[in-house]
Structure formats: C-alpha cells, structure tokens
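Residue-level structural notes
For reference, the chains in residue letters:
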Amino acid sequence: MVSRFDQQKTKHQLFHVSLSLATILICMTYMQYRRNWAHLGSFWDSLIVPIVFIGELLKVILARFFGRIEDGVLTVKQRQKKASYFTPRELFGGLTLQFLCTLLYAFICIILGAPVLANYEQTFVLSLLMTLLTVSPTVFLLGGGGALQVCFCEKPDFITKCEDTALHLFKYNALGGILGAWAGSVVAPLDWGRDWQAYPIPNVIGALLGSALGNIYACTHVLYACGRVYMSKKRA
C-alpha cells in the first residue's frame, strides 16, 4: 500500500513538472506574440528572463509548501543550521554565487564561439538564463551555503524529503537546459539566412526546449511509478 508521504511526493513532483512546462509554454507564447525574435538577446526588451525567474521561484515556493510539515521533524540543531543559511551574509553569498556562475557561463559561451568584442548584452542574457535554469533554484531553496554544498555533491544535513525531491527535479531542469543550449549552437553556422539563426536566439530557444524535455522525462518517471503502484494494487 502507498504511504501518505509517497502520495504527497507524487503530487509535489507532478505540480513541479506542471509549473516547469507552464513556464516554458508562457515563454513560447510570448515569443510567438512578439514574432520578432531579435529581442530575445536584449535584457531590457525581453520578458524571457523575468518569466523564467518567476517560474523557478514558484517551484521553490511549492517545495516549501509541501515541506512545511517536515520542518517540524528537524532537530533544534538542524533548524539553527538551516536558519544560518539564510542570514543577510549568506543571502549575499547566494547572490555572489549566481553572479560568478553567470560569469562562468559567459566565459563558456565565448570559448564555444560567442563574439568576444561584441554582443555583450546577448551573452549576458544567455548566461543569466542558464544560471536561472541551473543554479538559482538551488540557491533559492537552500541558500548560498546549501547550494554550494550541493555543487560539490554534498547534501546539507538539514534537508527535508520534499527539498530532496525538488533538488532531484532541478537536476533534470538543469541538464535539459545545458544540453538544449549547446544543441542550439548547431544551427547557428548553417547558411540558411534565417533571422532566428542570429546569436543567441537558437541557444535561448534550445535552453528552454531542453528544459521542457528534461521535465517531460522526469514526468514519465513519475507516471511510470504511479502506473506500477496502480497495477500492483489492482492485482492485489
């Protein structure tokens, strides 16, 4: 028989994936509405970054909502350590970590062929989008110190099961975004003469579609597990 926690975990996973796919759908609808995709590389003239930011923030709020009961089972020491990860100093550390990751992504973009002495804004927008899809959700969820531990493959000892579920889903979101952005570079050098081949439009679209595919893959795992539970209960 499925425990109550397992049911809560499944609901959390499905709502999380639904939020991710809804965010990507809103981005694609916005792009279709604007039609001229040249604005995607503009920081002030594009809503892609704010939409993704709000979507990732909502997923963290969702994890907090499902984990509100589990916080009560933490020990006093674990609660104190968790609270210490959200002090003003740690929040500044989280912002610094995201800034450094944005610079790292910008460096990777240049290494992979982005213009060095031009298109600064476009490179910054793409790097910021990649940071939002990969690092920012963990920083929002665990703070700067907790995110740094996760980056070094070490989970904080105060993490709850719902937060662990969210981290697992963030992984698919991050991997899909990275692979999608890299795959988007394939169409850039092709001699098709299309407007959407201009940097960084293929990379932005690739990151969004890759993130969507990563979440769809995660959703298939959840539905498969639900199907197995349903069939086992039916046979019983």
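Here we summarise the structure given alongside this text. Every value quoted in this text rests on a predicted model; they were computed, and no experiment measured them. (Residues numbered from 1 in each chain as written. Predicted model: local features only at pLDDT ≥ 70, side-chain atom pairs only at ≥ 80, totals over all residues. Heavy atoms only, no water.)

1. Considering the overall build of the protein chain
Put simply, the rule is: Each helix is a run of DSSP H or I of at least 4 residues and each strand a run of E of at least 2, with the numbering of both proceeding from the N terminus. Restricting the calculation to C-alpha atoms gives the radius of gyration, and the globule rule supplies 2.2 Å times the number of residues raised to the power 0.38. Each residue is assigned to one of three classes by its accessible area relative to the maximum for its type, calculated with a 1.4 Å probe on protein chains only: buried under 20%, partly exposed between the two thresholds, exposed over 50%. Throughout, a contact is declared for two residues whenever any of their heavy atoms are within 4.5 Å. What sets the accessible areas is the Shrake-Rupley method with a 1.4 Å probe; for residues, cover comes only from the shown protein chains. Note that His is not counted, nor are the chain ends; the positive residues are Lys and Arg, and the negative ones are Asp and Glu. The atom standing in for a charge is NZ when the residue is Lys, CZ when it is Arg, CG when it is Asp and CD when it is Glu.
What the protein chain contains, in helices and strands, is eight helices and zero strands. In terms of C-alpha radius of gyration, the protein chain reaches 19 Å, essentially the compact-globule figure of 18 Å for 236 residues. Seen along its three principal axes, the alpha-carbon backbone of the protein chain occupies a region of about 60 × 50 × 30 Å. Buried positions account for 44% of the 236 residues belonging to the protein chain. If you take every contact in the protein chain between residues at least 6 apart in sequence, the share linking residues at least 24 apart comes to 78%. Carbon and sulfur atoms provide 68% of the accessible area of the protein chain, an area that totals close to 13600 Å². Of the charged side chains in the protein chain, 21 are positive and 13 negative; the average position of the first set lies 11 Å away from that of the second.

2. Comments concerning the packing of aromatic side chains
Aromatic ring pairs are defined here through the distance separating the ring centres and the angle between the ring planes. Put simply, the rule reads: Pairing of aromatic side chains requires ring centres within 6.5 Å, counting the rings of Phe and Tyr and the six-membered ring of Trp. Pairs whose planes differ by under 30 degrees are stacked, by over 60 edge-to-face, and all others tilted. Note on criteria: charge over ring means Lys NZ or Arg CZ within 6 Å of the ring centre, with the direction from the centre no more than 35 degrees off the ring normal.
In total, this model carries six aromatic pairs according to the counting rule given. Aromatic side chains Phe 43 and Trp 44 sit 4.9 Å apart centroid to centroid with 85° between the ring planes, which places their arrangement in the edge-to-face category. According to the relative accessible area criterion, Phe 43 is partly exposed, its value standing at 31%. Owing to a relative accessible area of 76%, Trp 44 belongs among the exposed residues under this scheme. Taken together, a centroid distance of 5.6 Å and an interplanar angle of 55° make the contact between Phe 43 and Phe 124 tilted. Within this pair, whereas Phe 43 is found in the loop between helix H1 (4–34) and helix H2 (48–66), its partner Phe 124 is found in helix H5 (residues 120–134), the two being separated by 81 residues in sequence. A cation over an aromatic ring shows up here: Lys 171 above the ring of Tyr 172, its NZ or CZ 5.4 Å from the ring centre.

3. A few points about the pattern of salt bridges
Let me state the cut-off plainly: Here a salt bridge means any side-chain nitrogen of Lys or Arg lying within 4 Å of a carboxyl oxygen belonging to Asp or Glu.
Scanning the model with the defined rule gives three salt bridges in all. Lys 59 is the partner of Glu 56 in a salt bridge, and the nearest nitrogen-oxygen pair spans 3.0 Å. A residue pair is termed a helical-turn pair when its members lie 3 or 4 positions apart in one helix, as Glu 56 and Lys 59 do in helix H2 at three residues. With relative accessibility at 3%, the residue Glu 56 sits in the buried group. A salt bridge links Arg 64 to Glu 163, with the shortest nitrogen-to-oxygen separation between them at 3.1 Å. A residue pair is termed long-range when its members are at least 10 positions apart, and Arg 64 in helix H2 and Glu 163 in helix H7 (residues 161–184) qualify at 99 residues.

4. Let's talk about H5
Each α-helix turn comprises 3.6 residues. Residues three or four places apart therefore point the same way. As a reminder, the rule being used: One less than the number of residues in a helix, times 1.5 Å, gives the span that helix is expected to have.
A rise of 1.5 Å per residue sets the reference length of H5, with its 15 residues, at 21 Å; its end C-alpha atoms lie 21 Å apart and thus fit the reference within 8%. In terms of residue burial, H5 counts as a mostly covered element, since eleven of its 15 residues are buried. For H5, the set of buried residues is Thr 123, Val 125, Leu 126, Ser 127, Leu 128, Leu 129, Met 130, Thr 131, Leu 132, Leu 133 and Thr 134. Residues of H5 that are buried make contact with H2, helix H4 (88–111), helix H6 (136–151), H7 and helix H8 (201–235).

5. Structural notes on unusual backbone geometry
Cis geometry is adopted by the peptide bond preceding Pro 200, which originates at Tyr 199 and carries an omega value of 5°. Structurally, the position occupied by Pro 200 is in the loop between H7 and H8.

6. Description of the side chain of Thr 138
Among the secondary structure elements, Thr 138 is positioned in helix H6. The contacts of Thr 138, once residues within four sequence positions are left out, are Gly 143, Ala 147, Val 150, Leu 167 and Phe 170.

7. Some words on the packing of H6 against H7
Our working definition: Here, axes are lines fitted to C-alpha atoms. For helices the fit covers the stretch in contact, and angles between N-to-C directions go from 0 to 180 degrees. Should an angle lie under 35 degrees it is considered roughly parallel, over 145 roughly antiparallel, and from 65 to 115 roughly perpendicular; all remaining angles are considered oblique. Classification used: nonpolar for Ala, Val, Leu, Ile, Met, Phe, Trp, Tyr, Cys and Pro, charged for Asp, Glu, Lys and Arg, polar for all others including Gly.
Orientation of H6 relative to H7, taken along the N-to-C sense of each, is 90°, at an axis distance of 12 Å. Taken together, H6 and H7 sit at an angle that is classed as roughly perpendicular. Residue-level contacts link Pro 137, Thr 138, Leu 141, Leu 142 and Val 150 of H6 to Glu 163, Ala 166, Leu 167 and Phe 170 of H7. Tallied by class, residues from the contact of H6 with H7 come to seven nonpolar, one polar and one charged.

8. Things to note about the nonpolar core
Here is the rule we go by: As used here, the term nonpolar core means buried Ala, Val, Leu, Ile, Met, Phe, Trp, Tyr and Cys residues forming a set that is joined through side-chain atoms within 4.5 Å.
Counting 26 residues, the largest nonpolar core has Met 31, Ile 48, Val 52, Leu 129 and Leu 208 as its most contacted members. Those elements that provide at least two residues to this core are H1, H2, H4, H5 and H8. For this core, the element with the highest residue contribution is H5, accounting for seven residues. In terms of nonpolar packing, the next biggest core, distinct from the first, is built from ten residues, Val 60, Ala 63, Phe 140 and Leu 141 among them.

9. Some points on H4
For H4, built from 24 residues, the straight-helix expectation of 34 Å at 1.5 Å per residue is met to within 8% by its first-to-last C-alpha distance of 35 Å. Those residues of H4 lying buried are Gly 94, Leu 97, Gln 98, Cys 101, Thr 102, Tyr 105, Ala 106 and Cys 109. Of the residues one or two after H4, Gly 113 is the one with positive phi, at around 125°.

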